[in-house]
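# A structural walkthrough
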Amino acid sequence: MPSRYSHRQMIVHWLTAFCLVAIIALAWVMINAKEDAPFTDSLYDWHGSFGIVVLGLTALRIVWRFIDRAPPLPSNLAPWERALAATTFGLFYVLLLWMPITGYTAAAAAGYSLKFFNLVTIAPLVPRSDKLNSLMNTLHFVYGQWAVYTLIVLHAAGVVFNVVVKRNGIVNRMLPAQVNEAAATGEPARRI
Ligand code: HEM
């Protein structure tokens, strides 16, 4: 069993992280933008487009987990650390499906199409319904938003705890080998 994640898993992980940064930044700008400003609709479309990418990446990740298994956690982790890691990762998977589905359904139930990166238009796949829009908005915006922040903080706290307090190198499992070697030798990862 390998001790680090495969390149495929790393790419999906870091792409998802990149999309989350973009999604959250766009969300904050779009909900504070004037409704009639000329760029507001585009902000929603970009937010939703990155959201659909996250949905695809997460679905792919779940399927891949059966083929390309995650490396086992190191044996020196305490049972509470294992339980917390498993819970955070599990909830992340649920949330990364929940958020795009509820976000898309809220917008679609309000009659909006989604211009996916301005390449294709995804028509509303659910009938117009104020009730559905309000339910999905609550799940996405009211609860989901805070669940996303909570999990990101928990995940980041786990990384800091392992790097600064435990210094167990567990974080290197999600970094390419060249970065680890460079850190070990003090050499820069890439020379120009
Ligand atoms: C994992 C994080 C998230 C994902 C994957 C995600 C995904 C989506 C998607 C796919 C849409 C539909 C966009 C459209 O069709 O125009 C949407 C809508 C929306 N999102 Fe998010 N989102 C996330 C986080 C957030 C956060 C943190 C906020 C607030 C700060 C937020 C606020 C909204 C709002 C207000 C809408 C519009 C809902 C409506 O039209 O009724 N989202 N989101």
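Residues numbered from 1 in each chain as written. Predicted model: local features only at pLDDT ≥ 70, side-chain atom pairs only at ≥ 80, totals over all residues. Heavy atoms only, no water.

## What about the packing of helix 1 (residues 7-32) against helix 4 (residues 130-166)?
Pairs of packed helices are described in terms of their axes, by the angle between the two and the distance that separates them. The geometry of helix 1 relative to helix 4 is characterised by a closest axis approach of 13 Å and an angle of 135° between their N-to-C directions. On the basis of their axis angle, the class for helix 1 and helix 4 is oblique. Judged by the twist between their axes, the crossing of helix 1 over helix 4 is left-handed. Residues His-13, Ile-24, Trp-28 and Ile-31 of helix 1 pack against Phe-141, Gln-145, Val-148, Tyr-149, Ile-152 and His-155 of helix 4. Looking at the contact of helix 1 with helix 4, its residues break down into seven nonpolar, three polar and no charged. (Axes fitted to C-alpha atoms, helices over the stretch in contact; angles between N-to-C directions. Helix = DSSP H or I, 4+ residues; strand = E, 2+ residues; numbered from the N terminus. Parallel < 35°, antiparallel > 145°, perpendicular 65-115°, else oblique. Left-handed = near helix turned anticlockwise from the far one by under 90°. Contact = heavy atoms within 4.5 Å. Nonpolar A, V, L, I, M, F, W, Y, C, P; charged D, E, K, R; others polar.)

## Thoughts on the side chain of Thr-105
Following the sequence through the fold, Thr-105 ends up in helix 3 (residues 79-109). The class for Thr-105 is buried, based on a relative accessible area of 12%. Beyond its immediate stretch of four places on either side in the chain, Thr-105 contacts Val-126, Leu-132 and Met-136. (Buried < 20%, exposed > 50% of the residue type's maximum accessible area, 1.4 Å probe, protein only.)

## Observations concerning the nonpolar core
Core analysis: the biggest nonpolar cluster contains 21 residues, and Phe-50 and Val-148 have the highest contact counts within it. Breaking this core down by element, the ones donating at least two residues are helix 1, helix 2 (40-67), helix 3 and helix 4. Top contributing element to this core by residue count: helix 1, with eight residues. Discounting chain neighbours no more than four positions away, the residues touching Phe-50 are Phe-18, Cys-19, Ala-22, Ile-23, Leu-26 and Phe-117. (Core = buried A, V, L, I, M, F, W, Y, C linked by side-chain atoms within 4.5 Å.)

## Describing the coordination of the iron atom of the ligand
At 2.0 Å from the iron atom of the ligand lie its protein donor atoms, namely His-47 (NE2) and His-140 (NE2). For the iron atom of the ligand, the six donor atoms in the first shell make angles of 84 to 180° at the metal, a pattern classed as octahedral. With His-47 in helix 2 and His-140 in helix 4, this pair connects stretches of sequence that are 93 residues apart. Note on accessibility: His-47 and His-140 belong to one class, buried. (Donors = N, O, S within 2.8 Å, 3.2 Å for Na, K, Ca; no water. Tetrahedral: all angles 85-135°; square planar, octahedral: opposite > 155°, others 65-115°.)

## Re the site of the ligand
Every one of the 23 residues lining the ligand counts as a neighbour, but His-47, Gly-103, Asn-137, His-140 and Gln-145 are closest to it. Within the side chain of Asn-137, an N or O atom sits 3.1 Å from an oxygen atom of the ligand. Within the side chain of His-140, an N or O atom sits 2.7 Å from a nitrogen atom of the ligand. Elements that contribute at least two residues to the shell around the ligand include exactly helix 1, helix 2, helix 3 and helix 4. (Near = heavy atom within 4 Å. Polar contact = N/O pair within 3.5 Å; in protein donor to acceptor, adjacent residues only side chain to side chain.)

## Things to note about the pattern of salt bridges
Using the criterion set out here, one finds two salt bridges in the structure. One salt bridge in this structure joins Arg-8 and Asp-68, with 3.3 Å as the shortest N-O distance. With Arg-8 in helix 1 and Asp-68 in the loop between helix 2 and helix 3, this residue pair connects regions lying 60 residues apart in the sequence. With a closest N to O distance of 2.9 Å, Glu-81 and Lys-166 form a salt bridge. A residue pair is termed long-range when its members are at least 10 positions apart, and Glu-81 in helix 3 and Lys-166 in helix 4 qualify at 85 residues. (Salt bridge = Lys/Arg side-chain N within 4 Å of Asp/Glu carboxyl O.)

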